Amino acid sequence: MAGRLEGRVAIITGGASGIGRACAETFAREGADIVIGDLDEVRVDEVLRAVAAMGRKAAFVRTDTSQEADCEALAEYAEREFGRIDALVAAAGISHALYVSGAPVAGDAPETPPTILTKPTEYWEKVLNVNLTGVMMTDRAVARRMIAAGRAGSIVNIASVAAKVPLAGAAEYCVSKAGVHMLTKVLAMEIGHTGVRVNAIGPGFIETPMTANMRADESRSQLLLSRIPSGRFGQAQEIANTALFLASDESSYFTGEILFPSGGLFVS
Ligand code: NAP
């Protein structure tokens, strides 16, 4: 049976780790060739090998999504070397300005997290540059090429439940993700007529390197779990399954939507 993305080409930013990695491997399993844009030149190797083992073409383009020239070079490479771009998952992101994906779990979080009143402006700018401006620049580098090729396409932005839930100590993250939510809607409205769809996913708390510190803190972890109706954290694969739906033709009448796979965080 043909895969749901047979013959398609997908760009995945942040594809070296966590949610992006799960998307890269899931899309490849469904027949797509994969171009990964990420900063991480080490962990990505394993992902490239996994994709190649499924018989799909895989490439890595070192990309800092907060740099417009890098976003353009990533999209340009995919089009030139892979012949087309059908889907984008914009998953590159950071939880705070000093976040290093895959770094060893640090000690206890400070009892009183720094707030808007105390954090340096550079922290705010860093997170907004990567999580919001980076997504906008990646989206448009890809959308321009999809539209010029006259082909339908699907853009999937990774936002967060933090787009809707204020988290004390994480203003810049929440604002960046709320921005991705609105970016998704405005871009969908602006280019809907071209056949390029733009949707977003707002994951709840997912077991990836990004949540390792939080999950290692027993009391924080228990408090969070008590608020998740499903009673567990999510898996990257569950987000990749949602991205697969949005990238495939199964979601052909979806655009400007944000789906929240979050174990029921928003049931009430
Ligand atoms: P992760 O495992 O740390 O993956 C993030 C990836 O993004 C890493 O490979 C990282 O590369 C890459 N990246 C960071 N900054 C980049 C930049 N400027 N340019 C290119 N690549 C960059 O974390 P994750 O949990 O999978 O997060 C993926 C996305 O999901 C993020 O947007 C995050 O905000 C969102 N999200 C996660 C959760 C969760 O619970 N995990 C919940 C809601 C939303 P390096 O290793 O080189 O830094």
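In what follows, the structure referred to is the one given above.
Residues numbered from 1 in each chain as written. Predicted model: local features only at pLDDT ≥ 70, side-chain atom pairs only at ≥ 80, totals over all residues. Heavy atoms only, no water.

Draft legend 1. Region of the structure containing the overall build of the protein. Tallying secondary structure elements over the protein gives eight helices and seven strands in all. Radius of gyration (C-alpha) of the protein: 18 Å, near the 18 Å computed for a compact globule of 268 residues. Across the 268 residues of the protein, 48% fall into the buried class. Restricting to contacts in the protein with at least 6 residues of sequence separation, those with at least 24 account for 75%. (Helix = DSSP H or I, 4+ residues; strand = E, 2+ residues; numbered from the N terminus. Rg over C-alpha atoms; globule rule 2.2 N^0.38 Å. Buried < 20%, exposed > 50% of the residue type's maximum accessible area, 1.4 Å probe, protein only. Contact = heavy atoms within 4.5 Å.)

Draft legend 2. Looking closely at the nonpolar core. Counting residues in hydrophobic clusters, the biggest one holds 31 residues, and the most contacted among them are Ile12, Phe27, Ile34 and Val89. Counting residues per element, this core draws most heavily on helix H8 (residues 236-247), which supplies seven residues. Ignoring anything within four residues of it in the chain, the contact list for Ile34 reads Ala10, Ile12, Ala24, Phe27, Ala28, Val51, Lys57, Ala58, Ala59 and Phe82. Residues Ile11, Ala59, Val61 and Leu187 belong to the second largest nonpolar core, which totals 23 residues. (Core = buried A, V, L, I, M, F, W, Y, C linked by side-chain atoms within 4.5 Å.)

Draft legend 3. Fine view of the pattern of salt bridges. Tallied over the entire structure, the rule returns 19 salt bridges. For Arg4, the salt bridge is made with Glu250, and the minimal N-O distance between the two is 3.1 Å. Residue Arg4 is found in the segment before strand E1 (9-13), and its partner Glu250 is found in the loop between H8 and strand E7 (258-259); the two are separated by 246 residues along the sequence. Overall, the relative accessible area of 47% leaves Glu250 in the partly exposed class. One salt bridge in this structure joins Arg140 and Glu68, with 2.8 Å as the shortest N-O distance. Pair noted here: Arg140 is in helix H4 (residues 121-149) and Glu68 is in helix H3 (residues 68-82), with a separation of 72 residues, a long-range link. A relative accessible area of 28% places Arg140 in the partly exposed class. Among the ionic contacts, a cluster of salt bridges with common partners joins Glu72, Glu79, Arg144 and Arg145. (Salt bridge = Lys/Arg side-chain N within 4 Å of Asp/Glu carboxyl O.)

Draft legend 4. Fine view of the packing of aromatic side chains. Taken as a whole and assessed by the stated rule, the structure comprises three aromatic pairs. On the basis of an interplanar angle of 50° and a centroid distance of 6.3 Å, the ring pair of Tyr77 and Phe82 is categorised as tilted. Owing to a relative accessible area of 11%, Phe82 belongs among the buried residues under this scheme. Aromatic side chains Phe245 and Phe254 sit 5.2 Å apart centroid to centroid with 85° between the ring planes, which places their arrangement in the edge-to-face category. Assessed through its relative accessible area of 24%, Phe245 is described here as partly exposed. Geometry around Phe82 places Lys57 over its ring, the cationic atom sitting 4.3 Å from the centre. Taking the ring centre of Phe266 as reference, the NZ or CZ of Lys164 above it sits at 4.3 Å. (Phe/Tyr/Trp six-rings, centres within 6.5 Å; stacked < 30°, edge-to-face > 60°. Lys NZ or Arg CZ within 6 Å of the ring centre and 35° of its normal.)

Draft legend 5. Examining the site of the ligand more closely. Ser17, Tyr99, Ser101, Tyr173 and Thr208 are the nearest of the 32 residues found near the ligand. Note that an oxygen atom of the ligand is positioned 2.5 Å from one of the side-chain N or O atoms of Thr208. Protein burial of the ligand: of its 890 Å² of free accessible surface, 95% is covered by the chains. Of all the secondary-structure elements, those providing two or more residues to the shell around the ligand are helix H1 (18-29) and helix H5 (171-191). Looking at the shell around the ligand residue by residue, the classes come out as 16 nonpolar, 11 polar and five charged. (Near = heavy atom within 4 Å. Polar contact = N/O pair within 3.5 Å; in protein donor to acceptor, adjacent residues only side chain to side chain. Areas by Shrake-Rupley, 256 points an atom, 1.4 Å probe, with all protein chains shown as cover. Nonpolar A, V, L, I, M, F, W, Y, C, P; charged D, E, K, R; others polar.)

Draft legend 6. Up close: the packing of H1 against H8. Put simply, H1 and H8 touch, their axes get as near as 8 Å, and they point 55° apart. As far as their axial angle goes, H8 and H1 are oblique. In this structure, the crossing between H1 and H8 has a hand that is right-handed. When H1 is examined against H8, the residues Gly18, Ile19, Ala22, Cys23, Thr26, Phe27 and Arg29 are found in contact with a partner set consisting of Ala236, Gln237, Ile239, Ala240, Asn241, Ala243, Leu244 and Ala247. (Axes fitted to C-alpha atoms, helices over the stretch in contact; angles between N-to-C directions. Parallel < 35°, antiparallel > 145°, perpendicular 65-115°, else oblique. Left-handed = near helix turned anticlockwise from the far one by under 90°.)

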